[in-house]
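These are the residues of each chain, in order.
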Amino acid sequence: MPPHSPFSCCKFQTQFLLEKENEKEKEKKKKKKKKKKEEEEEEEEEEKWEKRNLKMLLRAFSNLSHLAISTLIMFSAFGLAIPISATELLLASAIFCLVFWVIRARQPQVPKGLKSPPGPWGWPILGNMLILRKNPHLALSRLSQCYGDVLEIRIGCTPVLVLSGLDTIWQALVRQGDDFKGRPDFYSFTLISEGQSMTFSPDSGPAWAVRRRLAQNALKSFSIASDPASLSSCYLEEHVSKEAEYLINKFQELMASVGHFDPYRYVVVSVANVICAMCFGQRYEHEDQELLSVVNLNNEFGAIAASGNPTDFFPILRYLPNRALKIFKDTNKKLNIFIRKMIKEHYKTFEKGHIRDITDNLINYCQEKSLDENANIQPSDEKIVNVVLDLFGAAFDTVTTAISWSLLYLVTNPSVQKKIQEELDTVIGRARQPQLSDKPQLPYMEAFILETFRHSSFIPFTIPHCAIRDTSLNGFYIPKGRCIFVNQWQINHDQKLWGDPFEFRPERFLTLSGTINKALSEKVILFGLGKRKCIGETIARFEVFLFLAILLQQLEFSILPGVKVDMTPIYGLSMKYARCEHFQVQMRSLGAESPAA
């Protein structure tokens, strides 16, 4: 037969196919064998787990029995009257053990191939509450070193999953974002926007997605979009420039009259004015009592809305005297009344085709979509209040806290302040104000802001998340409804990422050529990640940059001689430092002019 005849080719093909089939069969057998081995290992692990539980139960019963007998002997030895019989004590021990067994049995069954997250032992009723104390972000960072990036604690009787580590958090919130985009149904969340807050509500369905997109678009339209009637590049730049100029003049007045001041008192109102201008097209005087009554209660809001608030885990605390909870309710009520009043006035003066601000934008959208075929998922007029509440509340708190921490780092690191000002003088000079377009040319300023965000980590946790379906993470089983704390502070102080995380060193974010190290800058996590990421992150970063650039171009900040600054963060949804009234400023002497001037 010729070597290349059709018959020889057919023979070779048949032989090749048979070999392939044999290989497949061998592979199948291997997989079956491996699966059987895994199943046997899992069964063995389950048996061990059951035996361990039984041992714990018997040990607990034995210990309690010994305690009962020892108590009876002690009472007899001292000739005291025995309050209860041995039988009653043993019965109480048996009941305790039965309750213990029921609690253990209530734990969700872990699917084969997965594990339950590890975690510390917790006290009955209290769980791990005593471990958290006043600084949960620090306590949970320490626990992550022992138990890993996925661990579980109990607060009261509620299991809470705690996530640490950049890779793990990225996996959960970005790659598996749909699994973890829920919010727990906390009591404190029901008090915000009457339980309808876009940010805090457990809702994560189509209606929530529509409201979120609407809020993003409205915010973008009246912040970074250009204003045809202004010389500024965008609405945000115009509003921030006015407020920064006000602060410069105010700080100088305070220096002339008192000689020192607390910048937070004035920064918070200026920042609130920026969001008021975007939402309502209106600016308030710094002494306006209506606005002050809302912004000055902001710290109490953060104390209750923070991760680990006992009121959310111990229902009885809602009915006991609680000053912080009362202020939290009052703050939400005042903010609600304030926003409703502004929206009501907007409805009266609304003109289609003449959209003045975010509120007008939302009103216009609702009116246009009222007859839409998907009207059931479109925001109603009532939802406008909730969207504006979310934008207003989040915008002024985050930016105010960021600027306040920045000023504190400037006065405690005068050499850093000097470098920023030298950069401003070189790039911009004094002939004009800094603009958003200058941001890429000011890498040291950007590095300083990034290091302030990282070092202070003033938003230590994201708002708590919740698993919306049974899922797994890093080989651990996560049941539907599990409450999740995401520890941003731990990422920003992870020695593996930063080397010297507790040193304040803006230079870490600069490359050898003096530009921003983009890869490293993206590892600073402050605004969350994924589906629930803060919608105002970009605008907040722009606003912080512009406020600081304008202030530092003209003013030099310092602290009263001999005064020691307390930089200890006070735990909350956003962490503040103790108010400091010892800041000073002086106008900078004329220096280098802008190359373009």
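The protein chain is annotated in an unreviewed UniProt entry as Cytochrome P450 1A of Pteropus alecto. The record in UniProt for the protein chain states the following under Cofactor (unreviewed entry): "heme".

Q: Just give me the short version of helix α20 (residues 537–554), but keep the residues and values in it.
A: The periodicity of an α-helix, 3.6 residues per turn, causes residues three or four positions apart to be oriented the same way. The terminal C-alpha atoms of α20, which comprises 18 residues, lie 27 Å apart, in line with the 26 Å expected from a rise of 1.5 Å per residue. For α20, the buried fraction is high: 15 of the 18 residues fall into the buried class.

Q: I'd love a proper account of empty space enclosed by the protein, names of residues and values included.
A: Applying the stated criterion across every chain, the model contains three cavities of 30 Å³ or more. The calculated volume of the largest cavity comes to roughly 950 Å³. Listed by contribution, the elements that provide at least two residues to the lining of the largest cavity are α7 (206–221), α9 (264–280), α11 (298–305), α12 (323–349), α14 (381–412) and α20. Per element, the largest residue contribution to the lining of the largest cavity is ten residues, and it comes from α14. For the lining of the largest cavity, a count of residues per class yields 28 nonpolar, 14 polar and eight charged.

Q: Describe the sheet that holds strand β3 (residues 465–466), listing the residues and the values that go with them.
A: Within the open sheet, the four strands sit side by side as β1-β2-β6-β3. Their pairing is mixed. Here the strands that pair on one side only, and so sit at the sheet edges, are β1 (150–155) and β3. With respect to the sheet, helix α5 (residues 166–175) is in contact with β1, β2 (158–163), β3 and β6 (483–486), its orientation differing from that of β2 by roughly 115°.

Q: Could you give me a rundown of helix α4 (residues 136–147), with the residues and numbers involved?
A: Taking 1.5 Å as the rise per residue, α4 with twelve residues should run 16 Å; its terminal C-alpha atoms sit 16 Å apart, in good agreement. Those residues of α4 that fall on the buried side of the exposure criterion are P136, H137, A139, L140, S141, L143 and S144. Against the buried residues of α4 lie α3 (129–132), β1, β2, β6 and α17 (488–492).

Q: Quick rundown of the state of the cysteines? Include the residues and the values.
A: Taken as a whole and judged by the stated rule, the model has zero disulfides. Not engaged in a disulfide, the cysteine C466 finds its nearest cysteine sulfur in C483; these two sulfurs lie 6.9 Å apart. Take C466: its relative accessible area is 11%, and that puts it in the buried class.

Q: Explain the UniProt feature "binding site: heme" (unreviewed entry) in the protein chain residue by residue, including any values.
A: Sites flagged by UniProt as "binding site: heme" (unreviewed entry) map to C534. Tracing the chain through its elements places C534 in the loop between α19 (518–521) and α20.

Q: Residue-level account of the pattern of salt bridges, with values.
A: By the definition in use, this model includes 26 salt bridges. Linking D438 and R432 is a salt bridge whose minimum nitrogen-to-oxygen distance equals 2.9 Å. According to the relative accessible area criterion, D438 is buried, its value standing at 6%. Of the residues examined, R432 reaches a relative accessible area of 31% and is grouped as partly exposed. Here the salt bridges share partners, and the residues they tie into one network are E451, R454, D500, R505 and R508.

Q: Help me get a handle on the pairing of strand β7 (residues 555–559), residues and values and all.
A: On β7, burial follows the alternation: L555, F557 and I559 on one face are buried, whereas E556 and S558 on the facing-out side are not. For β7 and strand β10 (residues 583–587), the ladder comprises five bridges, and the chain directions are antiparallel. Paired with S558 across the two strands is Q584, which belongs to β10.

Basis of the calculations
- Residues numbered from 1 in each chain as written.
- Predicted model: local features only at pLDDT ≥ 70, side-chain atom pairs only at ≥ 80, totals over all residues.
- Heavy atoms only, no water.
- UniProt positions renumbered as here; feature names shortened; annotations may be inferred.
- Helix = DSSP H or I, 4+ residues; strand = E, 2+ residues; numbered from the N terminus.
- Expected span 1.5 Å × (residues − 1).
- Buried < 20%, exposed > 50% of the residue type's maximum accessible area, 1.4 Å probe, protein only.
- 1 Å grid on protein atoms, 1.4 Å probe; cavity = no way out; pocket = protein on both sides within 12 Å on 5 of 7 lines; lining within 4 Å.
- Points joined across faces, edges and corners; volume = space filled by probe spheres on them.
- Nonpolar A, V, L, I, M, F, W, Y, C, P; charged D, E, K, R; others polar.
- Pairing = 2+ DSSP bridges.
- Contact = heavy atoms within 4.5 Å.
- Axes fitted to C-alpha atoms, helices over the stretch in contact; angles between N-to-C directions.
- Disulfide = S-S within 2.5 Å.
- Salt bridge = Lys/Arg side-chain N within 4 Å of Asp/Glu carboxyl O.

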